[in-house]
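A look at the structure
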Number of protein chains: 2
Amino acid sequence: MARATVQDVARTAGVSVGTVSRVLNGSPAVSESSKEKVTAAIHQLNYRPLASARDLRRDRTMRILAIAKNLNSPVISEAFRGVSDAGALSGYVSLIAPTAGDPEREQQLVDMLRNGSVDGLVMFSPTMPDEDIGQMAEQQCVVQVCEIADADAAFGVAIDDRQAAVDITRHLIATGARRLAMIGNRAARSGRLREEGFRLAAAEAGMPADQILFVDGDFDFHTGRRHAEELLAATPRPDAVFCGNDTVAAGCVRAITDAGLRVPEDIAVAGFDDSVQAEMCVPELTTIRQPAYSMGRLAFEALLERMTTAGPHRRGRMFLPHELVVRDSTNS
Amino acid sequence: MARATVQDVARTAGVSVGTVSRVLNGSPAVSESSKEKVTAAIHQLNYRPLASARDLRRDRTMRILAIAKNLNSPVISEAFRGVSDAGALSGYVSLIAPTAGDPEREQQLVDMLRNGSVDGLVMFSPTMPDEDIGQMAEQQCVVQVCEIADADAAFGVAIDDRQAAVDITRHLIATGARRLAMIGNRAARSGRLREEGFRLAAAEAGMPADQILFVDGDFDFHTGRRHAEELLAATPRPDAVFCGNDTVAAGCVRAITDAGLRVPEDIAVAGFDDSVQAEMCVPELTTIRQPAYSMGRLAFEALLERMTTAGPHRRGRMFLPHELVVRDSTNS
DNA sequence: CTGTTAGCGCGTTCAG
DNA sequence: CTGAACGCGCTAACAG
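Please read all numbers here as calculations on a predicted model, not as lab measurements.

Criteria and thresholds
Residues numbered from 1 in each chain as written. Chains lettered and ligands numbered in written order. Predicted model: local features only at pLDDT ≥ 70, side-chain atom pairs only at ≥ 80, totals over all residues. Heavy atoms only, no water. Near = heavy atom within 4 Å. Polar contact = N/O pair within 3.5 Å; in protein donor to acceptor, adjacent residues only side chain to side chain. Helix = DSSP H or I, 4+ residues; strand = E, 2+ residues; numbered from the N terminus. Nonpolar A, V, L, I, M, F, W, Y, C, P; charged D, E, K, R; others polar. Pairing = 2+ DSSP bridges. Axes fitted to C-alpha atoms, helices over the stretch in contact; angles between N-to-C directions. Domains from an automatic or database assignment. Contact = heavy atoms within 4.5 Å. Buried area = accessible area lost by both parts, 1.4 Å probe. Salt bridge = Lys/Arg side-chain N within 4 Å of Asp/Glu carboxyl O. Expected span 1.5 Å × (residues − 1). Parallel < 35°, antiparallel > 145°, perpendicular 65-115°, else oblique. Least-squares fit on C-alpha atoms with pLDDT ≥ 70 in both.

Near DNA strand D lie 26 residues; those nearest to it are Val6, Tyr47 and Arg57 of chain A together with Ser31 and Ser34 of chain B. Take the atoms of DNA strand D that sit within 4 Å of the protein: sugar and phosphate atoms are 64% of them. At a separation of 3.1 Å, a phosphate oxygen of DNA strand D approaches a polar backbone atom of Leu50 of chain A. Taking Ser16 of chain B, its main chain carries an N or O atom lying 2.9 Å from a phosphate oxygen of DNA strand D. Secondary structure elements with two or more residues in the surface near DNA strand D: helix H2 (17-24) and helix H4 (51-58) of chain A together with helix H2 (17-24) and helix H4 (51-58) of chain B. Residue composition of the surface near DNA strand D, by class: 11 nonpolar, eight polar and seven charged.

What follows deals with the sheet that holds strand E8 (residues 240-243) of chain B. Residues and elements named next belong to chain B. Spatial strand order, E7-E6-E8-E9: four strands in an open sheet with parallel pairing. Of all strands in the sheet, those bounded by a partner on one side alone are strand E7 (213-216) and strand E9 (268-270). On average, each strand axis in the sheet is inclined to that of its neighbour by 15°, with strand direction left out of account. Examined bridge by bridge, strand E6 (residues 180-184) and E7 share four bridges and lie parallel to one another.

Residues in close proximity to DNA strand C total 28 residues, the closest being Ser31 and Ser34 of chain A together with Val6, Tyr47 and Arg57 of chain B. Those atoms of DNA strand C that come within 4 Å of the protein belong to sugar or phosphate at a rate of 59%. Between DNA strand C and Ser31 of chain A, the relevant distance is 2.6 Å, taken from a phosphate oxygen to a side-chain nitrogen or oxygen of the residue. Arg57 of chain B is positioned with one of its side-chain polar atoms (N or O) 2.3 Å from a base nitrogen of DNA strand C. Mapped onto the surface near DNA strand C, the elements with two or more residues apiece are H2 and H4 of chain A together with H2 and H4 of chain B. The greatest single-element share of the surface near DNA strand C, amounting to five residues, is contributed by H4 of chain B. Of the residues that constitute the surface near DNA strand C, the class distribution is 12 nonpolar, nine polar and seven charged.

This brings us to the domain arrangement of chain A. Residues and elements named next belong to chain A. According to the domain assignment, chain A contains domain 1 (6-49), domain 2 (60-159 + 292-320) and domain 3 (161-289). In this structure, domain 2 and domain 3 have C-alpha centres spaced 30 Å apart. The partner domain 3 presents nine residues to the nine residues of domain 2 that form the contact. Looking only at domain 2, the three residues that lose the most surface to domain 3 are Val75, Glu147 and Ile159, adding up to 62% of its buried area. One can count one salt bridge joining domain 2 with domain 3. For Asp130, the salt bridge identified is with Arg189, shortest N-O distance 2.7 Å. Counted by class, the side of domain 2 that touches domain 3 contains six nonpolar, no polar and three charged residues.

Attention now moves to helix H8 (residues 161-174) of chain B. The end-to-end C-alpha distance of H8 of chain B, which contains 14 residues, comes to 20 Å, matching closely the 20 Å that a straight helix rising 1.5 Å per residue would cover. Phi turns positive one or two residues past the end of H8 of chain B, at Gly176 of chain B, with a value near 110°.

Residue and element names in this part refer to chain A. On the basis of which strands lie adjacent, the open sheet formed by four strands has the order E7-E6-E8-E9 and parallel pairing. Two strands bound the open sheet, and with one partner strand each, they are strand E7 (213-216) and strand E9 (268-270). Going from strand to strand, the sheet's axes swing by 15° on average, the running direction of each strand aside. In terms of strand pairing, strand E6 (residues 180-184) meets strand E8 (residues 240-243) through four bridges, oriented parallel. Directly across from Ala181, in E8, lies its bridge partner Val241. Strands E6, E7 and E8 of the sheet are contacted by helix H10 (residues 221-233), whose axis makes an angle of about 150° with E6. Running over the sheet, helix H11 (residues 246-258) touches E6, E8 and E9 and is turned about 165° from E9.

Attention shifts here to the packing of helix H1 (residues 6-13) of chain A against H2 of chain A. Residues and elements named next belong to chain A. It is at 8 Å that the axes of H1 and H2 come closest, and there the two elements cross at 105°. Classified by the angle between their axes, H1 and H2 sit roughly perpendicular to one another. Between H1, through Val6, Gln7, Val9 and Ala10, and H2, the contact on the second element is made entirely by Val17, Val20 and Leu24. Class assignment for the residues of the contact of H1 with H2 results in six nonpolar, one polar and no charged.

With an RMSD of 0.1 Å, the fit of chain B onto chain A corresponds to turning through 180° and sliding 0.0 Å along the axis. These values place the two chain copies in the arrangement generated by a two-fold rotation axis. When the interface residues of chain B are mapped onto chain A, 100% of them are again interface residues, pointing to one common binding face.

With that out of the way, let us pick up the interface of chain B and chain A. Opposite the 49 residues of chain B that make contact, chain A presents 49 residues. Interface area, chain B with chain A, both sides summed: about 3,900 Å², of which 55% is carbon and sulfur. Summed over the three residues of chain B that lose the most area to chain A, namely Arg114, Arg254 and Met280 of chain B, the buried surface amounts to 15% of that side. With its nearest N and O atoms 4.0 Å apart, the salt bridge here joins Arg48 of chain A to Asp111 of chain B. Between chain B and chain A we count 19 residue pairs in polar contact (both at pLDDT 80 or more) in total. For the side of chain B that touches chain A, the elements supplying multiple residues, two or more each, are H4, strand E1 (63-68), helix H5 (74-89), strand E2 (93-98), helix H6 (103-114), helix H10 (221-233), helix H11 (246-258) and helix H12 (276-280) of chain B. Residue classes in the side of chain B that touches chain A are distributed as 23 nonpolar, 14 polar and 12 charged.

If you want it as structure tokens, here you go:
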């Protein structure tokens, strides 16, 4: 049997399509008896309003799309949960899609906003240049989470990555670190900010910039492990390593341990994100906790504002407080 | 400025909407000069066809939706990558959404197929009863990956979880295990199958069923850790633990190590999935590798068949080969 | 309270 | 090769 339409429902219920539509949309202007007949017919025909027809008519979809580089990141999936829960309260369905860092795929997903496949966009780890995001944010319903582009028109919520890096680096220094190193990720904006903070805190403590080791890589375990091996070979050997995230830190700890050295006695290690990796690691990682869920909720609120109200919208960055979590991978 | 339509494009290009539409859809029956004028107008007006209107007219969306309990699972995200890549080759955009195990949210997402928001569904970890899936698979474009319902009309691709569990349990036994234990997850179908295989292999080796320890929990680190602590308190203490997945195994290893025992000398531990956790763990985990990416690709192929051809479709289960990966968490 | 009707923007006949 | 016109399924405005 083919798909039922409002027409079919109206016919079987013995009413007009207008009445069916009113029942469907919860209009109060329907008699009890009509409502019953329509409800029965809907049930009998197993009818569902066709999304595309409804969307076309209403000029909105009640769907939003989140775009991220990958879905494995605990921070992203937690933030998306916040987006999703907040969205559900306002009747929105939240979808997500990974780009794998491919600009073409990202563009295709972003186009879903432009062509009206979704009402709004939440961008987690954009590949496109800042200007493009700024231009998009000028008129479109887009918000950013975690990674915020340098664009005036855009709105984004994140933690202050630079300050968080300052905080955790200060902790390393306060607990005895003299020769600092960092395994970072310059491909990510947050990675660059963390590097900035790291260097700021080091300079503040009077450490000569040319004695600071820095290696660049991805946010993954193998990166951490391999790059830590490089650092171990340096002379003088660093006595503290700040890693761009917990997974990298876990790789770093692994390399140090495999080399027969102790964490934190020989080398202290700090991570970032307070993901489950931080607790899985031995020793457990000192790290920075991000309020990811709240970030997601707040991002949706801002997006909702853009989707439902005209005129100028909230702009700029919203920073949420982070928290230094001290565990056993650093000295006390 | 308001959104441009085909009308606007036609007007600026000095042609009819039909011609615009033909250009848009790559029809060969358009003169070169018309095509140029239309292309220029599209560019000038920054025009994009409205998805809902196009979907309504064409009666398809070229979008598919994957539904999973959560997005953090490495197997799921890898399988989704397979779906996504295969889908892209056929022009489909793949989206994914987590249910967090909430049946209501799952239903809402499944409804997106029924109301035509997407053309097809890939189900990873269904909450709904098997009959519902079977009924849905009867007429709808749905395929399953990893977790396959007991329903004739459905199609799904996975590994043979039971056999994989048999394989890895045999390995434990062959390398000296005498008192087996398992930390499983009966909430998941795959978890139940792995338990079956585990018990099968144990029985095959002549181990009395009442001497086999089993504890039930989620597929996460804390479950593994907490339940391993229980197992350590048992008398006699198990000398091998098969865990429902790698993350649980990592928790298990952690509890054993914290208790001052050695893995694998005192207690061997086996995981499942060959996720990155297996390599992060110390010692690295013996585990079962799933061809997740291929599973995703094949699932999409089957889905495509359902979406594009009428009549009866492929049914039943498709099992892909798994692989026992022996590392240091078990004896040799 | 209800029925009728006019589009939403697009793809696709069917004439020419 | 092109234009005109219809209708996809639905909601909302209007008339009763």
